[in-house]
Amino acid sequence: MPMWLQALGWGTLAGGALVLGSAIAWLWKVPSRLVATIMAFGAGVLISALAFELVQEAVDSGGLLPTVIGFLTGAVIFVGSNILLARAGAKHRKRSGQKQPSEKDAPGSGTAIAIGALIDGIPESVVLGVGLVASGTISPAMLAAVFISNVPEGLSSTAGMKKAGRGPAYVFGVWTAIAVLCGLASLLGYAALENAPAALIAFITAIAAGGILAMLADTMIPEAFEEHHNLTGFTTAVGFLTAFTIHRVGG
């Protein structure tokens, strides 16, 4: 199978986990504590993946300076975008409770939430394609991390959308479109950097890592601790260990 087609396929598969999580939340009422627990697990998975699959690999292949600059750039880009989206009504786009505004309460918030969800998913998808450039094969740990974390993201956000009164056409239209765009982002990551120098690949990888960490702190972790209970921290640790184990076994 051509590498570009692999990039498209794996990116779409990872993005499809958002649709899976969305369908679960739409068909069944998932308890808030379970949503928080799943989100905590997904956060732990992504923290491990960005540490070992992204930042460490970027430093090893392209050097410390491009990695540091890229990581800070990614964090700044995400935080700046998130501030603008928050003002438009997308601040709580990953919250499963009553925090998401309806279109009546905040006109334009539906579009902002959709854009925010896309911005959240793009960095994860790009690194799948970039990983194909760097190693010639998909990273099982990174693919698993993105897929595992996308399920609770789609689940939690859709639960909030449903409570805000948004219909199925909007909800599934958003997540299906994002899944397709995630596949295209992975393809773009591969095609744009196929013959790029190692330092540039490290820089782009680190941008994605910085954006993912900022996204975790701004959106996933608050939802993970929305329903506080004694096992939240432990669940996050288990998610981290799960992704690290996949990284070690797959590596």
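Residue indices follow the written sequence of each chain, beginning from 1 at its first position. For a predicted model such as this one, the threshold for reporting local features is a pLDDT of at least 70, and the threshold for listing and counting side-chain atom pairs is 80 or more; totals across whole chains, interfaces and linings nevertheless cover every residue. Remark: hydrogens and water are excluded; side-chain values derive from all non-hydrogen atoms of the structure.

- Naming follows an unreviewed UniProt entry, where the protein chain appears as ZIP family zinc transporter of Arthrobacter crusticola.

A look at the overall build of the protein chain
- Counting its secondary structure elements, the protein chain contains eight helices and zero strands.
- Throughout, the Shrake-Rupley method with a 1.4 Å probe supplies accessible areas, and for residues the shown protein chains are the sole cover considered. Accessible surface, the protein chain: about 10,900 Å² in total, of which carbon and sulfur atoms supply 71%. Strands here are runs of E lasting at least two residues and helices are runs of H or I lasting at least four, both read from the DSSP assignment and numbered beginning at the N terminus.

Quick notes on the environment of Ala 196
- Relative to the assigned elements, Ala 196 resides in the loop between helix H6 (168-192) and helix H7 (198-224).
- Judged by relative accessible area, which is 18%, Ala 196 ranks as buried.
- Separated by 62 residues in sequence, Ala 196 and Ala 134 have C-alpha atoms that sit 9.6 Å apart. Any residue under 20% of the maximum accessible area for its type is buried, any over 50% is exposed, and the rest in between are partly exposed; the area is computed with a 1.4 Å probe on protein chains only.

Considering H6
- For H6, which comprises 25 residues, the first-to-last C-alpha distance of 35 Å matches the rise-based estimate of 36 Å (1.5 Å per residue) to within 8%.
- Looking at H6, one finds that the buried residues are Val 171, Val 174, Trp 175, Ile 178, Ala 179, Cys 182, Gly 183, Ala 185, Ser 186, Gly 189 and Tyr 190. Expected span of a helix, by definition, is 1.5 Å for each gap between consecutive residues, and there is one gap fewer than residues.

A look at the UniProt feature "transmembrane region" (unreviewed entry) in the protein chain
- UniProt positions are given in the numbering used here, feature names are shortened, and annotations may be inferred rather than shown by experiment. According to UniProt, the positions carrying the feature "transmembrane region" (unreviewed entry) are residues 6-27, 34-52, 64-85, 128-148, 169-192 and 198-217.
- The annotated region residues 64-85 carries 100% helix and 0% strand content, and the separation between its end C-alpha atoms amounts to 32 Å.
- Taken end to end, residues 198-217 has its terminal C-alpha atoms 29 Å apart, with 100% of it in helix and 0% in strand.

Topic: the nonpolar core
- Core analysis: the largest hydrophobic core is formed by 36 residues, its most contacted members being Leu 54, Met 142 and Leu 216.
- Contributions of two or more residues to this core are made by helix H1 (3-27), helix H2 (32-62), helix H4 (109-135), helix H5 (140-163), H6 and H7.
- Residue contacts are counted whenever heavy atoms from the two residues lie within 4.5 Å of one another. Ignoring sequence-local partners within four residues, the contact set of Leu 54 consists of Ala 49, Val 127, Met 142, Thr 205, Ala 209 and Ile 212.
- Among the buried residues, those of types Ala, Val, Leu, Ile, Met, Phe, Trp, Tyr and Cys that are joined through side-chain atoms within 4.5 Å form a nonpolar core. Judged by nonpolar contacts, the second largest core, of nine residues, contains Trp 26, Ala 117, Val 174 and Cys 182.

Structural notes on the packing of H5 against H6
- Between N-to-C directions, angles span 0 to 180 degrees; the directions come from axes that are lines fitted to C-alpha atoms, helices contributing only their stretch in contact. As a packed pair, H5 and H6 sit with axes 10 Å apart at the nearest point and diverge in direction by 155 degrees. On the basis of their axis angle, the class for H5 and H6 is roughly antiparallel. As for how H5 packs across H6, the hand of that crossing is right-handed. Within the contact between the two elements, H5 uses Gly 154, Ser 157, Thr 158 and Met 161 and H6 uses Tyr 170, Val 171 and Trp 175. Throughout this description, any angle smaller than 35 degrees is read as roughly parallel, any larger than 145 degrees as roughly antiparallel, any in the 65 to 115 degree range as roughly perpendicular, and the remainder as oblique. Take the far helix as the reference: if the near one is turned anticlockwise from it by less than a right angle, the crossing is left-handed, and if turned clockwise, right-handed.

Describing the side chain of Thr 235
- As for its position among the elements, Thr 235 is in helix H8 (residues 232-250).
- With relative accessibility at 13%, the residue Thr 235 sits in the buried group.
- Apart from residues no more than four positions distant in its own chain, Thr 235 is found in contact with Thr 37, Ala 40 and Phe 41.

Concerning a nonpolar patch on the surface
- Here, patches come from residues exposed beyond 30% relative accessible area and free of salt bridges, joined within 9 Å for like charges and within 5 Å for nonpolar side chains (Val, Leu, Ile, Met, Phe, Trp, Tyr). Salt-bridge detection follows one rule: a side-chain nitrogen of Lys or Arg within 4 Å of a carboxyl oxygen of Asp or Glu. Among the surface-exposed residues, Met 1, Trp 4 and Leu 5 lie close enough to one another that they form a single nonpolar patch of about 350 Å² accessible area.
- When you line up the elements, Trp 4 lands in helix H1.
- Under the relative-accessibility criterion, Trp 4 is labelled partly exposed at 45%.

Some thoughts on the environment of Val 151
- For Val 151, the location among the structural elements is in helix H5.
- Look at Val 151 and you get buried, because its relative accessible area is 17%.
- Sequence separation between Val 151 and Ala 17 is 134 residues; the distance between their C-alpha atoms is 5.0 Å.
- The residues contacting Val 151, other than those within four sequence positions of it, are Ala 17, Leu 20 and Gly 21.

Quick notes on the packing of aromatic side chains
- Classification of ring pairs rests on two measures: the distance between centres of Phe, Tyr or Trp rings, Trp counted by its six-membered ring, which must be within 6.5 Å, and the angle between planes, read as stacked under 30 degrees, edge-to-face over 60 and tilted in between. A complete count under the given rule lists three aromatic pairs for this structure.
- Ring centres of Trp 26 and Phe 172 lie 6.0 Å apart, and the angle between their planes is 75 degrees; this geometry places the pair in the edge-to-face category. On the criterion of sequence distance, the pair formed by Trp 26 in helix H1 and Phe 172 in helix H6 is long-range, its members being 146 residues apart.
- For Phe 172, a relative accessible area of 23% translates into the label partly exposed.

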